[in-house]
Amino acid sequence: MNIISIIAEYNPFHLGHQYQLQEARRLLGQDSAVMAAMSGSYTQRGEPAITDKWSRTRMALAAGVDLVLELPFAYACASAERFADGGVRLLQATGLDSQLVFGSESGDLEWLRQAAEFLVPETPDFKDALHACLAEGLSFPAARQKAMEQVSGDSALAGLLSQPNNILAVEYLKAIHRLPSCRLRPVTIRRLGQDDRSENLPGTGVLPGASAIRMAVFQATQAHPEPQLADLADRLLDAMPVPALAELMARIQSGPGPVWPEQLQQLALSRLRSAGPDELDLIAGMGEGLSRRLSAAARRPGPFLQSPWQTLLSDADTRRFTRTRIQRALAAMLTGLNQADLDAFDAAGGPAYIRVLGFSRKGRYLLKLMRRLAEKPLITRSSDFRELGGDQVLQRMAQLDLVAADLWDSAAGLPGGRDFDTPVIMR
């Protein structure tokens with residue numbers, strides 16, 4: 001059986017994701033099984049997912065994904081490089097040969113490979129140029145693009161790194177390159193439709209981005225005294241497959257969710273105000289003075305009475321510290337993720353287990369193969385972690401996943417511990 005692998009967030013699942021699945025099967029075989037490594041409670045932007053991982057698993061299975069695995073929090077809520085590396089290593093650990101399908105604005109695999117090969121390994125000249133660009137106060141993505149252009153002399157090649165899906169594509173190729181005997185073969189599909197950074201839904205016939213869908217949900221449910229649910233459903237009919245839209249509307253009407261970063265703002269502010277600078281400096285992503293900038297912003301009076309979360313982000317936002325980096329650092333603070341944890345996880349080879357969220361009939365067959373071939377333990381519910389002994393890296397990684405899930409539940413008004421007894425979703 002041909003196996004297609006995808007690394008995704010499905011936050012939420014939309015027509016662009018459906019297009020990717022259809023194109024992947026058109027190119028690689030309609031009877032291919034699809035395996036997705038999906039973010040759990042938090043996403044790469046440093047935000048809690050709009051609906052919980054079980055809801056998004058149901059969306060994916062209904063759309064034709066056969067097996068959904070959870071990408072651990074330490075890799076899901078991370079930079080593009082760490083997100084991609086974690087996803088590739090998780091899929092590699094299944095023991096299954098597969099074709100990693102990912103979207104890119106360029107759609108040109110060889111061009112993306114050239115950019116990846118330029119960055120692995122990084123030359124001394126490139127490192128020097130990168131450090132100089134960072135010293136100018138540029139964010140890491142902007143500094144890396146500028147350094148590549150300076151050293152390579154190829155503005156078109158460096159320009160690949162200005163678009164978000166190209167950046168992830170390059171990181172996937174870098175991660176594959178670093179793995180000896182990698183079982184994943186890359187395939188890219190040109191991304192069509194709306195820029196995922198746009199916050200306004202496109203017109204009919206244009207594939208949407210997840211950010212625009214989330215903004216439409218936020219405006220309909222949070223910005224009006226009375227939720228505008230009928231209008232929202234009509235607007236999203238052109239953006240989401242019907243089963244995914246039905247799942248999203250069910251969560252909006254009866255919960256749990258949707259969840260927004262602002263729902264954790266008081267907890268974040270209290271942590272920033274109570275923690276000392278040395279304690280905050282240990283948190284993943286809080287280096288280079290970000291911890292002090294956030295701590296000072298959290299103590300300022302006035303505007304926080306109106307919009308604490310957005311004011312905090314605005315006060316800390318600079319060319320060096322992008323909003324996504326700030327949000328990831330705050331998520332790390334709330335879960336207790338330290339830089340020492342990331343170092344230990346990397347030294348141990350990435351994700352320490354394979355958490356199964358849901359599967360179809362084909363997915364059941366993939367699981368049967370994985371029970372024989374997988375390089376890491378298979379987990380079907382959180383209570384299984386207790387049976388895996390004293391591996392400190394595995395237990396710490398699992399603890400962070402559970403804390404992230406409890407944070408999501410807390411924001412949704414639910415008690416903690418739901419992750420322990422929620423069964424795998426079977427379709």
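Residues numbered from 1 in each chain as written. Predicted model: local features only at pLDDT ≥ 70, side-chain atom pairs only at ≥ 80, totals over all residues. Heavy atoms only, no water.

Draft legend 1. Structural context of the overall build of the protein. Summing up its helical and strand segments, the protein has 21 helices and 8 strands in all. Looking at the protein as a whole, 55% of its 427 residues qualify as buried. As presented, the protein carries roughly 17600 Å² of accessible surface, and 50% of it is formed by carbon and sulfur atoms. Charged side chains of the protein number 46 positive and 48 negative; the gap between the two group centres comes to 3 Å. (Helix = DSSP H or I, 4+ residues; strand = E, 2+ residues; numbered from the N terminus. Buried < 20%, exposed > 50% of the residue type's maximum accessible area, 1.4 Å probe, protein only. Areas by Shrake-Rupley, 256 points an atom, 1.4 Å probe, with all protein chains shown as cover. Lys, Arg positive; Asp, Glu negative; His and termini not counted. Charge placed at Lys NZ, Arg CZ, Asp CG, Glu CD.)

Draft legend 2. Region of the structure containing the side chain of Asp85. Following the sequence through the fold, Asp85 ends up in helix H4 (residues 80-93). The class for Asp85 is buried, based on a relative accessible area of 12%.

Draft legend 3. Molecular detail of the pairing of strand S5 (residues 184-190). Taking burial as the measure, the 7 residues of S5 include 5 buried ones, the bulk of the element. As judged from the 7 bridges shared by strand S4 (residues 98-104) and S5, these two strands associate in the parallel manner. Within the sheet, the bridge partner assigned to Leu100 lies in S5 and is Pro186. (Pairing = 2+ DSSP bridges.)

Draft legend 4. Structural context of unusual backbone geometry. Each neighbour pair has its own omega, and for Asn11 with Pro12 the value is 0°, a cis peptide bond. Among the structural elements, Pro12 can be located in the loop between strand S1 (3-8) and helix H1 (15-28). A cis amide bond links Gly255 to the next residue, Pro256, at an omega of -5°. Relative to the assigned elements, Pro256 resides in the loop between helix H12 (242-254) and helix H13 (265-274). The backbone phi angle of Tyr10 is positive, close to 50°, even though this residue is not glycine. Phi angles above zero are rare outside glycine, and Glu288 is one such case at about 60°. Here Glu288 lies in the loop between helix H14 (277-281) and helix H15 (290-298).

Draft legend 5. Broad picture of the packing of aromatic side chains. Going through the model one piece at a time under the given rule, you end up with 6 aromatic pairs. Residues Tyr42 and Phe73 carry aromatic rings whose centres are separated by 5.6 Å and whose planes lie at 85° to one another, so their mutual orientation is edge-to-face. Of the two residues, Tyr42 sits in the loop between strand S2 (33-39) and helix H2 (53-63) while Phe73 sits in helix H3 (residues 73-76), which places them 31 residues apart along the sequence. For Tyr42, a relative accessible area of 3% translates into the label buried. Residue classification places Phe73 among the buried residues on the basis of a relative accessible area of 4%. Between the aromatic rings of Phe218 and Trp260, the centroid separation amounts to 5.1 Å while the plane-to-plane angle is 85°, which identifies the pairing as edge-to-face. Here the residue Phe218 occupies a position in helix H10 (residues 210-221), and Trp260 occupies one in the loop between H12 and H13, the gap between them amounting to 42 residues. (Phe/Tyr/Trp six-rings, centres within 6.5 Å; stacked < 30°, edge-to-face > 60°.)

Draft legend 6. Structural context of the pairing of S1. Most of S1 sits inside the fold, with 6 of its 6 residues counted as buried. Neither face of S1 is exposed, since Ile3, Ser5 and Ile7 on one face and Ile4, Ile6 and Ala8 on the opposite face are all buried. In the sheet, S1 pairs with S2 via 6 bridges, with the strands oriented parallel. Note that in S2 the partner of Ile4 across the bridge is Val34.

Draft legend 7. Layout of helix H20 (residues 392-411). Look at H20: 29 Å from first C-alpha to last across 20 residues, which is about the 28 Å you get at 1.5 Å a residue. One side-chain oxygen of the residue at the start of H20 lies 3.1 Å from the amide nitrogen of Val393, identifying that residue as Asp391. Just past H20, the residue Gly413 takes up positive phi, approximately 80°. (Expected span 1.5 Å × (residues − 1). Polar contact = N/O pair within 3.5 Å; in protein donor to acceptor, adjacent residues only side chain to side chain.)

Draft legend 8. Spotlight on the side chain of Asp409. By the element assignment, Asp409 lies in helix H20. Overall, the relative accessible area of 4% leaves Asp409 in the buried class. Every residue in contact with Asp409, bar those within four places of it in the chain, is listed here: Leu414, Pro415 and Arg418. (Contact = heavy atoms within 4.5 Å.)

Draft legend 9. Structural context of the environment of Gly276. Note that Gly276 resides in the loop between H13 and H14. Since its relative accessible area comes to 27%, Gly276 is described here as partly exposed. For the pair Gly276 and Val88, spaced 188 residues apart in sequence, the C-alpha to C-alpha distance is 36 Å.

Draft legend 10. A look at the environment of Ser106. Its place among the elements puts Ser106 in the loop between S4 and helix H5 (109-119). Measuring from C-alpha to C-alpha, the distance between Ser106 and Gln395 comes to 40 Å, with 289 residues separating the pair along the chain. Filtering out sequence-adjacent residues up to four positions away, Ser106 remains in contact with Trp111, Leu112, Leu160, Asn166 and Arg190. Only 3.2 Å separates the side chain of Ser106 from the backbone nitrogen of Asp108, close enough to count as a polar contact.

Draft legend 11. Geometry of the pattern of salt bridges. Applying the stated criterion to the full structure yields 24 salt bridges. One salt bridge in this structure joins Asp85 and Arg178, with 3.4 Å as the shortest N-O distance. Separated by 93 residues along the polypeptide, Asp85 in helix H4 and Arg178 in helix H9 (residues 164-178) bring together distant segments of the chain. On the basis of relative accessibility, which here comes to 33%, the residue Arg178 falls in the partly exposed class. Between Glu171 and Lys174 there is a salt bridge, with its nearest N and O atoms 3.1 Å apart. With Glu171 and Lys174 both in helix H9, this residue pair falls 3 residues apart, about one helical turn. Within this structure, Glu81, Asp85, Arg89, Arg144, Glu171, Lys174 and Arg178 form a network of salt bridges that share partners. (Salt bridge = Lys/Arg side-chain N within 4 Å of Asp/Glu carboxyl O.)

Draft legend 12. Structural view of H5. For H5, the full list of buried residues reads Leu109, Leu112, Ala115, Ala116 and Leu119. End-on view of H5: buried residues confined to an arc of 125°, all on one side of the axis. Looking at the packing, one finds that the buried side of H5 touches S4, helix H6 (124-135), helix H7 (140-152), helix H8 (155-159), H9 and S5. In this structure Asp108 caps H5, since a side-chain oxygen of it lies 3.1 Å from the backbone nitrogen of Glu110. (Arc of directions from axis to C-beta.)

Shape is all these values report; function is a separate question.
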